[in-house]
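# A structural walkthrough
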Amino acid sequence: MQLEFVLNGRPVRLETAPDQRVVDLLRGELGLTGTKEACGAGECGACTIVVDGVTRLACLMLAAQLQGREVLTIEGLAAEGRLHPLQEAFVEHGAVQCGFCTPGMVLAARDLLQRNPRPDREEIRRGLSGNLCRCTGYQKIVDAVAAAARRLEGVEQ
Amino acid sequence: MLTARGMLRPKQVCLRKGGLIVSSRSRVPHLGESFLRQDAPAKVTGRERYAADYYAPDMLWAGVRQAGVPHARLKAVRTEAARAVPGVVAVLTHRDIEGSNRQGVVRRDQPVLVDDKVRHCGDAVALVVAEDPQALARGIAAVELELEPLPGVFDPEEALHPEAPLVHEDHPHGNLLLEGHLVKGQGEAALADCEVVVEATYHLPRQEHAYLETECGWAVLENDGTLKITASTQTPFRDRAEVAEALGLELERVRVVAPFLGGGFGGKDGVSVQSLLGLAALACPGRPVKMWLSREESFLASPKRHPVRIRCRLGADRRGRLQALVVDALYDTGPYDHLGGVVMTLGLEHAGGPYRIPHAELHTRAVYTNNPVSGAFRGFGVPQVVAALELTLDRLARRLELDPLELRRRNLLRPGEQSPAMVSMPRAMGLAECLERVSTHPLWAQRRQWKAAAPRHRLRGVGLAVVMHAVGYGPVVPDEGRAVLEMDPEGRLRVYCGVADMGQGNASTYLHIAAHLLHQPVEGMELVMPDTARTLPSGSSSASRTTFTYGVALAEAAHELKARLLVRAAARLGAEPGELELAPGVVRARDGRAEVPLAELVRDLSPEERRVETYHRAPVSQERPSDDPALQLHGLPHCVYSFGVQVAAVEVDRLTGQVEVRGFLTVCDAGRVLNPQLLEQQVQGGVAQGLGYALWEDMPSEEGRIQTPDLATYLVPTALDLPDMETLTVETFEEAGPFGAKGLGEMPTGGVLPAVGAAVADACGLEAVVYPLTPERVLMALEESRAA
């Protein structure tokens, strides 16, 4: 099928199988390997992307579902070469170890902060509970999200 | 109080706000301060290319047909139907392998593709190569296996029965892979003279690594005949030798590259997809072949933490002075050695802990079964024995009505004294101080008040455990690092990362060390990841050794390069080398009167002078607790240990049986701390895996078939399941380590299960012996005790 959608702010048009998984489309055909796959069954959150402003799992979506949509992947988050405050906070607070969960985690955190700009630690934990991390024990991720929330609030004020 | 934040705040965080440039890169980092991980920016933007991230237009996909049965004679593999599937390029069996078709670290007993018989459900029987994943799946399904089922052996005790089916007919000791036996003093006989004896038999679960990036990689047979394999591996150099032997290739033809791993924890300490990728690439010259296990395939095939059964008997006098210890541990190693013998031997060495016990008898066995493969997992056989010993000490404390911390304090070894395994404790041993720190910490000191304030239907308890963990390899296999440090013709530094980085951050630490010693910012430094064609053999990313061993070699290289630069600069500036120093981008006179840019100075150095190679072998123990050469070969004993005390504060829900961890403290002695932030990362991550081990994670197998095949059934802790943890350090100076540091990667996992077990016992009196402490288990035990 002819698929048209907006990817990280740029229009994309390509010929693809409608039943191709979005994670394969992004990684294999579009070269955006920042979207990771770790279970292929919606259990781990590593393939989290944002579709029309809502977080989705790219391993559970098919290409045809992107028709006419706006898609954000981790590659689109550092606009104009500047790290997003969340990315910056992940680096500063040591929230990254092996890094395989990181892109999905960052996008899930972004979604959380959009819904709840001032989450407490428990709310952050709840907001990230769909994303598995095996390295960090989550604590520094929670630290990073809390710091980014403070920073983003400061920017908005 | 119970969710106190980590005490080790980074002394300086030097990232400029709001910019892509991580500005700490542009200043010279010091050792001992939190230095931001240099791999983080690429990972957080999705730019880092892992082994899983390779794609090419002409790329093929490879996958295997897994046996699906635990024990069977392979009569035939019929590949015609699979070959006929459109898009299938090759279907390979053991007949296509020209080498030994055997791999393994110590005992090479694991086939690349099954030839004689299937020994567990995850065995690879046929390899399919196809144009795309869909054709690959159809091809794998079309492979026909003719299998003659054999009676299997699934219980390690039954496996030792003389009539038990044999997993390896050619193994001289039947199903007994390896046995270790140490007797100190009068051994078991001394129990009879003890005033108090406590005993228990513990059952600890099979734990799955569940790294996010499943086993993967890609390979290509290049035009010059080189087989290049890029894999998610902790052991590129060892893989190279194993692949060459298994496939019948000259070592020189095989090249293994190890990019950053998406997690390892020991599960990638050894060959997974490497030989299969090599075989596939050899069959399809010129085309890259990729392989990436699904989560289910990974769970089925990958090695796990050994399930164990441990009987522990501990005798003491009424004042709590330990007199005798008898430990008998049975490790279910599954069908292949993998690293099972080494794991068991490390368990043997740690089975008596850091305690003064005059009489001890330690007995450990690793046994072949047709269960899933067991192998390396962070802690490497030690968390099992630490759990048994510490939980038994806790029983003793309750029996004697002694404070559990005081019981440890009374029996703790001092530096130079011998452990029950007859190994001397190192000079750098801060364990007594760790215990002191715990004793005054609010989590411990105020536990009675905290317990008394438990909410309705909830019972609170606090428990602790002491842990020690050896650093580096044992006495036989050389624990060595060959560092390379180079200045390119433009004066830029190139740091060769000789040991794989599975996520622990050693690559960044290497940059940190080089930057610190050469007084240069890391900005502009090039990092060369492990590659058998570019870096030098420096051992595995395991054994808490990545910084400990390679760090020393790299520091020596940096000192040498610095000396060479100063000599050349002295000639240019008409000064003595001693009057000069390195500063960012220059060598300058200490009095500031003259300087020469590195970019210019480098022209005075020949290519040989610009490159420094150093060799370092970590010291080995001269002690021989056993005359058994097999135990020495498998790593007994060590001479450097990290230490820790871990404290868990839990709440047990009387109505649901759920155990909630409300606070967790680790006080550790890992020598000198090079980077507090990385230390905290290791401790928090290790504790998280330990909490999973204590409370949720279990991969039971029924007749060799795993019962938790995916992440929906195998429960890895989420952000909601874990508490905020606190980490404190007691710094000692380990002379063998870089700048006084020891390794830390494994120790923090070791004491978690017994600390939680002790806390649960403290909360509700349940002296659990079967783990993990799932709500079902706890609730049933609570109901039983109520009924009683």
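Residues numbered from 1 in each chain as written. Chains lettered and ligands numbered in written order. Predicted model: local features only at pLDDT ≥ 70, side-chain atom pairs only at ≥ 80, totals over all residues. Heavy atoms only, no water.

All names here are of chain A. Here chain A is partitioned into domain 1 (2-76) and domain 2 (85-152). Here the C-alpha centroids of domain 1 and domain 2 sit 21 Å apart. Each partner contributes to the interface: domain 1 provides 15 residues, whereas domain 2 provides 13 residues. Counting each side, the surface lost to burial between domain 1 and domain 2 is near 1100 Å², with a carbon and sulfur contribution of 62%. For the domain 1 face of the interface with domain 2, the top three residues by lost area are Lys36, Thr48 and Ile74, together amounting to 39%. Put simply, domain 1 and domain 2 have zero salt bridges between them. Put simply, domain 1 and domain 2 have three residue pairs in polar contact (both at pLDDT 80 or more) between them. Ranked by residues supplied to the side of domain 1 that touches domain 2, first place goes to strand 3 (residues 48-51) with three residues. (Domains from an automatic or database assignment. Contact = heavy atoms within 4.5 Å. Buried area = accessible area lost by both parts, 1.4 Å probe. Salt bridge = Lys/Arg side-chain N within 4 Å of Asp/Glu carboxyl O. Polar contact = N/O pair within 3.5 Å; in protein donor to acceptor, adjacent residues only side chain to side chain. Helix = DSSP H or I, 4+ residues; strand = E, 2+ residues; numbered from the N terminus.)

With that out of the way, let us pick up the packing of aromatic side chains. Residue and element names in this part refer to chain B. Applying the stated criterion across every chain yields a total of six aromatic pairs over all chains. Ring geometry for tyrosine 55 and tryptophan 61: centres 6.4 Å apart, planes at 55°, overall tilted. Residue tryptophan 61 is classed as buried on the basis of its relative accessible area of 15%. Their ring planes at 80° and their centres at 5.7 Å tell us that phenylalanine 299 and tyrosine 714 sit as a pair that is edge-to-face. Linking phenylalanine 299 in helix 7 (residues 295-301) with tyrosine 714 in the loop between strand 29 (705-706) and strand 30 (725-729), this pair joins segments that are 415 residues apart in sequence. Under the relative-accessibility criterion, phenylalanine 299 is labelled buried at 0%. For tyrosine 714, a relative accessible area of 0% translates into the label buried. The lysine or arginine in question, arginine 611, covers the ring of tyrosine 496, its NZ or CZ lying 5.5 Å from the ring centre. (Phe/Tyr/Trp six-rings, centres within 6.5 Å; stacked < 30°, edge-to-face > 60°. Buried < 20%, exposed > 50% of the residue type's maximum accessible area, 1.4 Å probe, protein only. Lys NZ or Arg CZ within 6 Å of the ring centre and 35° of its normal.)

Take the interface of chain B and chain A next. On the chain A side, the residues contacting the 64 residues of chain B number 51 residues. In terms of surface lost to chain A, no three residues of chain B exceed B:Val44, B:Leu212 and B:Leu720, which account for 16% of the buried area on that side. Here chain B and chain A share six salt bridges between them. In this structure, B:Asp53 and A:Lys36 form a salt bridge, with 2.5 Å as the shortest nitrogen-oxygen distance. Counting across the chain B and chain A interface gives 26 residue pairs in polar contact (both at pLDDT 80 or more). Secondary structure elements with two or more residues in the side of chain B that touches chain A: helix 1 (40-44), strand 14 (289-292) and helix 19 (676-695) of chain B. Considering each element in turn, the side of chain B that touches chain A owes the most residues, eight residues, to helix 19 of chain B.

In this structure, A:Phe90, A:Val145 and B:Val587 are the most contacted members of the largest nonpolar core, which totals 230 residues. There are two domains that each give this core at least three residues, and those are domain 1 (2-76) and domain 2 (85-152) of chain A. Ignoring sequence-local partners within four residues, the contact set of A:Phe90 consists of A:Ala95, A:Val96, A:Thr102, A:Met105, A:Val106, A:Ile141, A:Ala144, A:Val145 and B:Val44. Among the nonpolar cores identified, the runner-up in size contains 33 residues, and B:Ala219, B:Val254, B:Val273 and B:Leu277 belong to it. (Core = buried A, V, L, I, M, F, W, Y, C linked by side-chain atoms within 4.5 Å.)

Turning next to the environment of A:Thr33. Structurally, the position occupied by A:Thr33 is in the loop between helix 1 (22-29) and strand 3. A residue is classified by how much of its surface remains accessible, and A:Thr33, at 1% relative accessible area, is buried. Each residue touching A:Thr33, except ones within four places of it in the same chain, is listed here: A:Arg27, A:Glu75, B:Gly46, B:Arg49, B:Asp53 and B:Tyr55.

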